[in-house]
Amino acid sequence: MLQLILGGARSGKSRLAERLATESGLEVTYIATSQPIDGELNERVALHRQRRPEHWGLIEEPLQLARILRDNAQVGRCLLVDCLTLWLTNLLMLEDEPQRLALERDALLACLADLPGEIIFVSNETGMGIVPLGELTRRYVDEAGWLHQALAERCERVVLSVAGLPLTLKGTAL
């Protein structure tokens, strides 16, 4: 089963995804896309680490998400990817590889239909506010929106988390 959990900052989306992974009863591998590059992001990563059960596997991969999913998805395993918008940011910031984002996004979308097991994606919903200033920020919001639309088409369940409350947009209600 493919699931997409969307929400704003501190909306409860990661906590919900972690709960669903635990409730799956499957072996869980957490795929972290963050690159802790400053003190504030290091603190966020530390909070996520403290919440996760110690017996969960961990893979840290900032760029090659499709490869990691293909290599690790299997029947009896739940992969929890947190988060797609950090992954997108990592790809957008590759100044020397302008086509890398399109290649990695297309690889991700292409591999989803063939992945065994359960996959839970977490991502920030950034397109519900004002149109941001600056070309890079607008591109980020656009790319995130297009990625979310494409993933939502492919996922069996899509949930929006607001104030810690899940609103099921597609699939079986929580």
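Up top is the structure.
Bear in mind the structure is a predicted one, so any value in this text is a computation, not a measurement.

K.L.:
Describe in detail the overall build of the protein chain, supporting the description with residues and values.
P.N.:
A tally of helices and strands in the protein chain yields six helices and seven strands. Order of helices (α) and strands (β) in the protein chain, N terminus to C terminus: β-α-β-α-β-α-β-α-α-β-α-β-β. Considering only C-alpha atoms, the protein chain reaches an extent of 45 × 35 × 35 Å along its principal axes. Relative to its full complement of 174 residues, the protein chain shows a buried share of 47%. Within the protein chain, residue pairs in contact and separated by at least 24 positions form 74% of the contacts whose partners lie at least 6 positions apart. Summed over all atoms, the accessible surface of the protein chain reaches about 9,200 Å², with 54% contributed by carbon and sulfur. Separation of charge centres in the protein chain, based on 18 positive and 24 negative side chains, amounts to 4 Å.

K.L.:
Provide a residue-level description of the environment of R44, including the pertinent values.
P.N.:
For R44, the location among the structural elements is in helix α2 (residues 39-51). R44 sits ten residues away from S34 along the chain, and the two C-alpha atoms are 9.6 Å apart.

K.L.:
Give a detailed account of the packing of helix α4 (residues 84-92) against helix α5 (residues 100-111), specifying residues and quantitative values.
P.N.:
Two numbers describe how α4 lies on α5: the axes approach to 8 Å, and their chain directions differ by 145 degrees. Crossing of α4 over α5 shows right-handed handedness. On the side of α4, the interface is formed by L84, W87, L88, L91 and L92, while α5 contributes R100, L101, E104, R105 and L108. A breakdown of the residues in the contact of α4 with α5 according to their chemical character gives seven nonpolar, no polar and three charged.

K.L.:
Any details on the pairing of strand β3 (residues 57-60)? Residues and values, ideally.
P.N.:
Of the strand pairs in this sheet, strand β2 (residues 27-32) and β3 are connected by four bridges, and their pairing is parallel. Bridged to A32 within β3 is E60.

K.L.:
Please provide a residue-by-residue account of the packing of aromatic side chains, values included.
P.N.:
Evaluated as defined, the whole model comprises zero aromatic pairs. Over the face of the ring belonging to Y30 we find R52, whose NZ or CZ atom lies 3.9 Å from the ring centre.

K.L.:
Describe unusual backbone geometry, and please don't skip the residues or the numbers.
P.N.:
Going from D82 to C83, the amide bond is cis rather than trans, its omega being 5 degrees. With respect to the element layout, C83 can be found in the loop between β4 (77-82) and α4. The backbone of R10 shows a phi angle near 60 degrees, a positive value even though the residue is not glycine. Since its relative accessible area comes to 58%, R10 is described here as exposed.

K.L.:
Outline the sheet that holds strand β5 (residues 118-124), listing residues and values.
P.N.:
One open sheet holds the seven strands; their spatial order is β3-β2-β4-β5-β1-β6-β7, and the pairing between them is mixed. Two strands bound the open sheet, and with one partner strand each, they are β3 and β7 (165-170). On average, each strand axis in the sheet is inclined to that of its neighbour by 20 degrees, with strand direction left out of account. In the sheet, β4 pairs with β5 via five bridges, with the strands oriented parallel. Bridge pairing in β5 links D82 to V122. Running over the sheet, helix α1 (residues 13-23) touches β1 (2-7), β2, β4, β5, β6 (157-162) and β7 and is turned about 175 degrees from β5.

Analysis parameters
- The residue numbers shown here count from 1 along each chain, following its written sequence.
- Only residues with pLDDT of at least 70 get local features here, since the model is predicted, and only at 80 or more are side-chain atom pairs given and counted; chain-wide, interface and lining totals rely on the full set of residues.
- Only hydrogens and water are removed before side-chain values are computed, so all heavy atoms of the structure are retained for them.
- Secondary structure elements follow DSSP: runs of H or I of four or more residues count as helices, runs of E of two or more count as strands, with numbering from the N terminus.
- Remark: exposure states derive from per-residue accessible area (1.4 Å probe, protein chains only) relative to the maximum for the residue type, with buried under 20%, exposed over 50%, and partly exposed in between.
- When checking whether two residues touch, look at their non-hydrogen atoms; a contact exists if any pair is within 4.5 Å.
- With residues, only the protein chains shown are counted as cover, and all accessible areas are computed by Shrake-Rupley using a 1.4 Å probe.
- This count recognises Lys and Arg as positive and Asp and Glu as negative, with His and chain-terminal groups excluded.
- Lysine's charge is taken at NZ, arginine's at CZ, aspartate's at CG and glutamate's at CD.
- Working convention: axes come from line fits to C-alpha atoms, limited for helices to the stretch in contact. Angles between N-to-C directions cover 0 to 180 degrees.
- The hand of a helix crossing depends on one turn: near helix anticlockwise from the far one by less than a right angle means left-handed, and clockwise means right-handed.
- Only Asp, Glu, Lys and Arg are considered charged, only Ala, Val, Leu, Ile, Met, Phe, Trp, Tyr, Cys and Pro nonpolar, and every remaining residue, Gly among them, polar.
- Strand pairing requires that DSSP identify at least two bridges connecting the strands.
- In summary, the pairing rule links any two rings of Phe, Tyr or Trp, Trp by its six-membered ring, whose centres are within 6.5 Å, and it sorts them by plane angle into stacked for under 30 degrees, edge-to-face for over 60 and tilted for everything else.
- In this analysis the charged atom, NZ for Lys or CZ for Arg, is taken to sit over a ring once it is within 6 Å of the ring centre and within 35 degrees of the ring normal.

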